[in-house]
Amino acid sequence: MLTRRIGGVEVSAIGLGAMPMSLEGRPDRAQAIGTIRTALDKGVTLIDTADAYSADDSDFGHNEELIAEALKGVDGVVVATKGGHTRVPGGGWDVDGRPEYLKAACEASLRRLGVDAIDLYQFHRPDPKVPTAESVGALAELLDAGKIKLAGVSNFNPAQIREANDVLGGRLASVQNQFSPAFRSSEPELELCAELDIAFLPWSPLGGMSAAGQLGERFGAFAEVGREHGVSPQQVCLAWMLAKAPQVVPIPGSSRPASISDSADAVHLRLSEEELKRLDG
């Protein structure tokens, strides 16, 4: 497994997005834990979660508890979690960026993960009711208090990224935004992260749970390049992202051992300049 860095910490170049293991329609616990352990066997040392990854508001924190169970007795894995997204009755989502909420959410995540300090804690989504500086200021306080080791943000635009890095005194470690062949509008954020040497973690890099399997059908160039190399279109997609910048660390979601195993092998695929141009097109 090749490695990259988040805030100076070495992690696998491909991470595991654990969200599909906790939403409605999730796999049974044995399959989920098997998926996480397969990821570890493939050399994955970054697992992405969030307190809001659950079927609904009744089992808030499900994903963090699942990961804590799977990682019991395992060292050397960076767990990135997030706070600021909430669940509401009926399976809906909301946001809460108040500093007092984020601090309380961090404490709850610490308990569920069973750790003294969270490896990477990210503000999940801007709250239009709360100034960005106030929300990110809570992350700065958590850093200073030793509750979290690294701070990041998610779903931020370039101006918000710059503001967050300023509030954190240059300590912004990561930006987690949606990016895939179907969703390329985060290119400016990716380029800014490369400029500032901040890790960029694309979420839903294969197009999301319902569309990942059809990536090659929807985007023929990825299927064509995959056939030429004898690999899946999904591997081509992740290799294409890795080639964008050294700061890119994709976190493909998975709920099956076979899918994360295939994704992890993308680090071994080398694409030519001509192939990258075809995929960019």
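All of these numbers come straight from a predicted model, not from anything done at the bench. (Residues numbered from 1 in each chain as written. Predicted model: local features only at pLDDT ≥ 70, side-chain atom pairs only at ≥ 80, totals over all residues. Heavy atoms only, no water.)

(A) Fine view of the UniProt feature "domain: NADP-dependent oxidoreductase" (unreviewed entry) in the protein chain. Following the UniProt record, one finds the feature "domain: NADP-dependent oxidoreductase" (unreviewed entry) at residues 14-280. Between the end C-alpha atoms of residues 14-280 there is a gap of 20 Å, over a span that is 41% helix and 15% strand. (UniProt positions renumbered as here; feature names shortened; annotations may be inferred. Helix = DSSP H or I, 4+ residues; strand = E, 2+ residues; numbered from the N terminus.)

(B) Molecular detail of the layout of surface pockets. The calculated volume of the largest pocket comes to roughly 760 Å³. What lines the largest pocket is a set of 39 residues, and nearest its centre among them are Pro20, Ser204, Gly208, Met209 and Gly253. Residue classes in the lining of the largest pocket are distributed as 15 nonpolar, 17 polar and seven charged. The volume enclosed by the second largest pocket comes to roughly 340 Å³. Forming the boundary of the second largest pocket are 18 residues, of which Leu71, Val74, Val79, Leu113 and Val115 lie nearest the centre. Tallied by class, residues from the lining of the second largest pocket come to ten nonpolar, three polar and five charged. (1 Å grid on protein atoms, 1.4 Å probe; cavity = no way out; pocket = protein on both sides within 12 Å on 5 of 7 lines; lining within 4 Å. Points joined across faces, edges and corners; volume = space filled by probe spheres on them. Nonpolar A, V, L, I, M, F, W, Y, C, P; charged D, E, K, R; others polar.)

(C) Highlighting the packing of helix α5 (residues 158-167) against helix α6 (residues 187-196). With their axes 9 Å apart at the nearest point, α5 and α6 run at an angle of 30 degrees to one another. By the angle between their axes, α5 is roughly parallel relative to α6. Of the residues in α6, those in contact with Pro158, Ile161 and Arg162 of α5 are Pro188, Glu189, Leu192, Glu195 and Leu196. Split by residue class, the contact of α5 with α6 holds five nonpolar, no polar and three charged. (Axes fitted to C-alpha atoms, helices over the stretch in contact; angles between N-to-C directions. Parallel < 35°, antiparallel > 145°, perpendicular 65-115°, else oblique. Contact = heavy atoms within 4.5 Å.)

(D) How the structure looks around the sheet that holds strand β4 (residues 46-48). One open sheet accounts for seven strands, arranged β3-β4-β5-β8-β9-β10-β11; its pairing is parallel. Of all strands in the sheet, those bounded by a partner on one side alone are β3 (16-17) and β11 (199-203). Here four bridges tie strand β9 (residues 151-154) to strand β10 (residues 172-178), and the two strands are oriented parallel to one another. From the neighbouring strand, glycine 152 faces β10, where its bridge partner is serine 174. Contacts from helix α3 (residues 99-113) reach β5 (78-83) and β8 (120-123) within the one sheet, and its direction differs from that of β8 by about 145 degrees. (Pairing = 2+ DSSP bridges.)

(E) Structural detail: the nonpolar core. Counting residues in each nonpolar core, the largest one holds 70 residues, and the members touching the most others are Ile36, Ile47, Trp240 and Leu271. Considering every element that reaches this core, the biggest residue donor is helix α9 (residues 233-242), with seven residues. If near-sequence neighbours (up to four positions away) are discounted, isoleucine 47 is found in contact with Leu16, Ala18, Ile36, Leu40, Ile67, Leu71, Val77, Val78, Val79 and Ala80. One finds Leu46, Val78, Leu201 and Ile251 within the second-largest nonpolar core, a separate group that totals twelve residues. (Core = buried A, V, L, I, M, F, W, Y, C linked by side-chain atoms within 4.5 Å. Buried < 20%, exposed > 50% of the residue type's maximum accessible area, 1.4 Å probe, protein only.)

(F) Highlighting the side chain of threonine 49. Within the secondary structure, threonine 49 sits in the loop between β4 and α2 (62-70). Contact partners of threonine 49, with chain neighbours within four places excluded, come to Asn63, Glu64, Ile67, Val79, Ala80, Thr81 and Lys82.

(G) Helix α8 (residues 220-229), seen in detail. Looking at α8, one finds that the buried residues are Phe222, Ala223, Val225 and Gly226. Along the axis of α8, the buried residues cluster in a sector spanning 165 degrees; they form a single face. On its buried side, α8 packs onto α7 (215-218), α9 and α11 (273-280). Glycine 230 sits one or two residues past α8 and shows a positive phi near 70 degrees. (Arc of directions from axis to C-beta.)

(H) Representation of the packing of α2 against α3. At a minimum axis separation of 8 Å, α2 and α3 run at an interaxial angle of 35 degrees. Contact residues: α2 offers Glu64, Glu65 and Ala68, while α3 offers Ser109, Arg112 and Leu113. Of the residues contributing to the contact of α2 with α3, the split by class is two nonpolar, one polar and three charged.

(I) Main features of unusual backbone geometry. Look at asparagine 155: it is not a glycine, yet its phi comes out positive at around 65 degrees. Looking at the element boundaries, asparagine 155 is found in the loop between β9 and α5. Of note in this structure, aspartate 197 is not a glycine but carries a positive phi near 60 degrees. When you line up the elements, aspartate 197 lands in the loop between α6 and β11.

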